[in-house]
2 protein chains.
Amino acid sequence: MYEFMNITRALSDENRIRALMALRKRELCVCQIIEFLGLAPSTVSKHMSILRQARLIEGRKEGVWMHYSLSSSRRPEVRKAINWVIASLENDEKIIKDEKLLSKIMKCNLEDLCRRKKNKRG
Amino acid sequence: MYEFMNITRALSDENRIRALMALRKRELCVCQIIEFLGLAPSTVSKHMSILRQARLIEGRKEGVWMHYSLSSSRRPEVRKAINWVIASLENDEKIIKDEKLLSKIMKCNLEDLCRRKKNKRG
DNA sequence: TTCATAAATTCATACATAGGCATATCTCCT
DNA sequence: AGGAGATATGCCTATGTATGAATTTATGAA
């Protein structure tokens, strides 16, 4: 029950759902998620830690970069939750739009993306 | 997406989840749910209206009494959500305990139950 | 090794939202 | 009209979201 409530609370925020759906097809660097959601780095970091605590995503550190991906855990709770979210939103308008935005973001290389933040996206 | 977020927010509270699971096997009167959750009537009413807005449950008025039951809607969003919750919690300890509590509550007749509230459960 | 820099997270704080209750209001029955 | 159950309103507290600043971690240069 505790584990389940951790999951439902993690899923109760739209930005976290969008991030989760973004990760369903690919691994993403935090700076890509920041660009994607348009939120402050600290905010995104918090969202990721909530998703991670719920075991819905996993983090992998590569040098200074942190990469997140959907959880590969076999826990039934986690699998069911992820499957439910994906099945419910696979054809959602906003999620489809997000996919297009993500395609653009994926074309930039990571260094440019991170540098752009500093220059206020100039 | 909006509909989906309504559902996840409705599911992000433990009392609402317990109420939802209680309704999975039977219809319940509000006063039974009040007894079950041990919350103030106004609080329970609010929880029920949130679940109802998310279309997860339905209300049926019979005289002065309000009866709630799981939604019979065929909307895929709703069916998937309900199925997910039930599948995830069917064997949950707390939910099983709740079932025992509910058995007791079901044995009282409704009038006694409602009257008990007034007398501060004396 | 030491220092500087960059990315990510944690911390401190402001603001908004949500849960809880008491009380007022509404609806329905007699 | 009177009385009962249920819901709406108003208030308080707690939790959640968002941000900038400080801290941590890792890289690369001196």
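Predicted, not measured: the structure shown is a model, and the values here were computed from it.

Rules behind the numbers
Residues numbered from 1 in each chain as written. Chains lettered and ligands numbered in written order. Predicted model: local features only at pLDDT ≥ 70, side-chain atom pairs only at ≥ 80, totals over all residues. Heavy atoms only, no water. Buried < 20%, exposed > 50% of the residue type's maximum accessible area, 1.4 Å probe, protein only. Helix = DSSP H or I, 4+ residues; strand = E, 2+ residues; numbered from the N terminus. Polar contact = N/O pair within 3.5 Å; in protein donor to acceptor, adjacent residues only side chain to side chain. Contact = heavy atoms within 4.5 Å. Near = heavy atom within 4 Å. Nonpolar A, V, L, I, M, F, W, Y, C, P; charged D, E, K, R; others polar. Buried area = accessible area lost by both parts, 1.4 Å probe. Salt bridge = Lys/Arg side-chain N within 4 Å of Asp/Glu carboxyl O. Pairing = 2+ DSSP bridges.

A. Representation of helix α2 (residues 14-23) of chain B within the structure. All names here are of chain B. Counting buried residues along α2, 8 of its 10 residues qualify, which places the element largely inside the surrounding structure. Listed in full, the buried residues belonging to α2 are R16, I17, R18, A19, L20, M21, A22 and L23. Looking at where α2 begins, the residue whose side-chain oxygen comes 2.9 Å from the main-chain nitrogen of N15 is D13.

B. Quick look at the side chain of R18(A). Looking at the element boundaries, R18(A) is found in helix α2 (residues 14-23). Excluding anything up to four places from it in sequence, R18(A) contacts F36(A), L37(A), D98(A) and M1(B).

C. Representation of the environment of R26(B). All names here are of chain B. Along the chain, R26 turns up in the loop between α2 and β1 (28-29). In this structure R26 comes out as buried when scored by relative accessible area, which is 17%. R26 sits 42 residues away from Y68 along the chain, and the two C-alpha atoms are 8.9 Å apart. Not counting residues up to four positions away in its chain, the partners in contact with R26 are Y68, E99, L102 and M106. Polar contacts involving the side chain of R26 include one to the main-chain carbonyl oxygen of A22, which spans 2.7 Å. A polar atom in the side chain of R26 sits 2.6 Å from the side chain of E99.

D. Molecular detail of the protein's contact with DNA strand C. Around DNA strand C, a shell composed of 23 residues is seen, among which Y68(A), R16(B), A40(B), S42(B) and H47(B) lie nearest. The sugar-phosphate share of atoms of DNA strand C within 4 Å of the protein amounts to 76%. A distance of 3.1 Å is found between a phosphate oxygen of DNA strand C and a side-chain nitrogen or oxygen belonging to N15(B). In the environment of DNA strand C, a phosphate oxygen lies 2.6 Å from a nitrogen or oxygen atom belonging to the side chain of H47(B). For the surface near DNA strand C, the secondary-structure elements that each account for two or more residues are α3 (30-37), α4 (41-53), β3 (65-70) and α7 (110-118) of chain A together with α2 and α4 (41-53) of chain B. The element best represented in the surface near DNA strand C is α4(B), accounting for 4 residues. Grouping the constituent residues of the surface near DNA strand C by class yields 13 nonpolar, 7 polar and 3 charged.

E. Inspection of the interface of chain A and chain B at higher detail. Residue-level contacts link 23 residues of chain A with 23 residues of chain B. For the chain A face of the interface with chain B, the top three residues by lost area are M1(A), F4(A) and W84(A), together amounting to 39%. The tally of links between chain A and chain B comes to 0 salt bridges. Taken together, chain A and chain B are joined by 6 residue pairs in polar contact (both at pLDDT 80 or more). Elements with a minimum of two residues in the side of chain A that touches chain B: α1 (2-10), α2, α5 (76-89) and α6 (93-107) of chain A. Across the side of chain A that touches chain B, the residue classes tally to 12 nonpolar, 3 polar and 8 charged.

F. Summary view of the pairing of strand β2 (residues 57-62) of chain B. Pairing of β2(B) with strand β3 (residues 65-70) of chain B, which is carried by 6 bridges, proceeds in the antiparallel orientation. Paired with E58(B) across the strands is S69(B), a residue of β3(B).

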